[in-house]
Each structure stands twice: as structure tokens, then as C-alpha cells.
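Listed below, chain by chain, are the residues.
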Amino acid sequence: KAEPPLRIMISGAPASGKGTQCELITKKYDLVHIAAGDLLRAEIASGSENGKRAKEYMEKGQLVPDEIVVMMVKDRLLQSDSQEKGWLLDGYPRSMSQATALKGYGFQPDIFIVLEVPEDILVERVVGRRLDPVTGKIYHLTYSPPETEEIAARLTQRFDDTEEKVKLRLQTHNQNVEDVLSMYEDITLKVKGNAPKEEVFAEIDNALSKLLESRKATSESL
Ligand code: AP5
């Protein structure tokens, strides 16, 4: 019988490296990457009423109301590619109510990865972050500079990536993080995110390989 696909949640402060690690995880494990922030930015880009409302909260570094976010994430999780390949949920849930809603819909992750990075480093990461609108790849002017002049010329910055706004985002994160952690204590993997991205990934990769091995061993012994 085929193994069920992996279901992963990844969490951490703003700029702790969630998106960067998700690029590396999906490349190796071929999961569907579902990032709450990306879904919201796509909604803003579409010009919808929900997008307009969401942007007001994102500008202030606050959580977008559940009535917008919860359905958006649930619908994406229910799409056939997520169900078939497995999912990597990034930046969701960020509150007790979101975690409870997710559970209520029957979505239970196999592992909850939390990236831990000291606060003083986060600001520097945010201010130097750049995005490639063509490939979606995440860069940093110092830590992950673009490979070519052509890419460098087209890089963009997120509207909430200023020092002032990241401090508000961090406040929101700190207010909610304990609540969310308490819901997934038994499956939480804390990873030190203040190391080169390849090292951070090596730790995550190791944990995921072990998880897959132990699932295989359990199913073979049945
Ligand atoms: P979201 O888009 O999720 O932003 P965030 O949580 O603030 O996280 P980031 O995307 O900023 O950072 P990241 O951890 O992905 O870091 P990255 O890999 O890019 O959310 C935005 C807003 O949407 C929220 O404020 C909220 O308003 C709303 N929202 C989202 N989810 C919501 C929800 N569930 N409910 C309600 N509202 C919600 O890395 C950052 C930089 O550091 C990059 O430049 C990268 O190159 C560099 N870097 C990464 N790793 C390393 C490393 N190991 N060493 C050196 N540099 C590194």
C-alpha cells in the first residue's frame, strides 16, 4: 500500500527563513508549497475586495482576519495536487483560532518545524531581502545575492519590508507564537535558523528523512 504523502507546517518570525527553506524542501520532497502570505499577496494583486481589506492589515503588520485567511488556505489544501503530493504549509496557522479551524477541517501535520532566529538579525534580513518576480526566488543583497546582472536589475521589494514594519510584524508574531506552539507540542521540531541556509536545510532534511523511514518501518511491521 502506498504511503500517505508528507504534511508539513513551518513557522517562525518574519524573515526567519521560512520561504527560503520551503524552496529547498519542495525541491527535494516535491510537496505543494502553500504560503499564507503569498496567497494574500495574490489576492491583493487580483484587485478583489478581500485583497484590499487584507492589505490594510498587512500594512500594519497585523494578522489578516480569519474570515479572509481561513477559507483561502483551506481551499488550497483541498486542491487535488496538495492532496496527492502532500503539502508544506508556510506561515499558517498564526493563532489559536486558525489552528483550531485547521484541526476542525481534519488537517493534521506530521511535523511542525519552527525556525528560531535572534531578533536583531531579522531586521537586517528583511531590509536586504529582494524577490525575483520572474522565478519567485528569494534573494538577499548580502547573504544570497542574485546570480546575474540581468536578475539583479529586475529584483523587487515587498511593501512591508521596512525596518518600521518588520517591528510591527514581529510584535504580532510574539503575541501569538506560544498559543500556536501549544497546539503542536508533540510534533514540534525547533531548528536554529541563524546559520547558512544549507546548514539549516541539512537539519530539516535529516528530520524529514527519519520521519519517512520510521513511517516505512511502521507500515512494514503491520
Ligand atoms: P508573510 O509573507 O508570511 O511574511 P512573514 O511571516 O513576515 O515572513 P517572511 O516572508 O517575511 O519571511 P520568511 O520567514 O519567509 O523569510 P525568507 O525566507 O524570505 O506574511 C506577511 C503578512 O501577511 C503578515 O504580516 C500578515 O499581515 C499576513 N499574514 C500572513 N499569514 C497570515 C495568517 N496565517 N493569518 C493572518 N495574516 C497573515 O528570508 C528572509 C531574508 O533572509 C531573505 O532575503 C533571505 O535571502 C534571507 N535568509 C533566509 N535564510 C537565511 C539564512 N539562513 N542566512 C542568511 N540569510 C537568510
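As a starting point, this report considers the structure included with it.

Criteria and thresholds
- Residues numbered from 1 in each chain as written.
- Predicted model: local features only at pLDDT ≥ 70, side-chain atom pairs only at ≥ 80, totals over all residues.
- Heavy atoms only, no water.
- Pairing = 2+ DSSP bridges.
- Helix = DSSP H or I, 4+ residues; strand = E, 2+ residues; numbered from the N terminus.
- Axes fitted to C-alpha atoms, helices over the stretch in contact; angles between N-to-C directions.
- Contact = heavy atoms within 4.5 Å.

Spatially, the five strands line up as an open sheet ordered β2-β3-β1-β4-β7, and their pairing is parallel. Two strands bound the open sheet, and with one partner strand each, they are β2 (32-35) and β7 (188-192). On average, adjacent strands in this sheet sit at an angle of 20° to one another, irrespective of strand direction. As defined by bridge partners, strand β1 (residues 7-12) adjoins strand β3 (residues 87-90) across four bridges and the pair is classed as parallel. For Met-9, the partnering residue across the bridge sits in β3 and is Leu-89.

On to the environment of Lys-103, then. Looking at the secondary structure, you find Lys-103 in helix α6 (residues 96-104). The sequence separation of Lys-103 and Pro-146 amounts to 43 residues, and the corresponding C-alpha distance is 40 Å. Discounting chain neighbours no more than four positions away, the residues touching Lys-103 are Gln-108 and Met-183.

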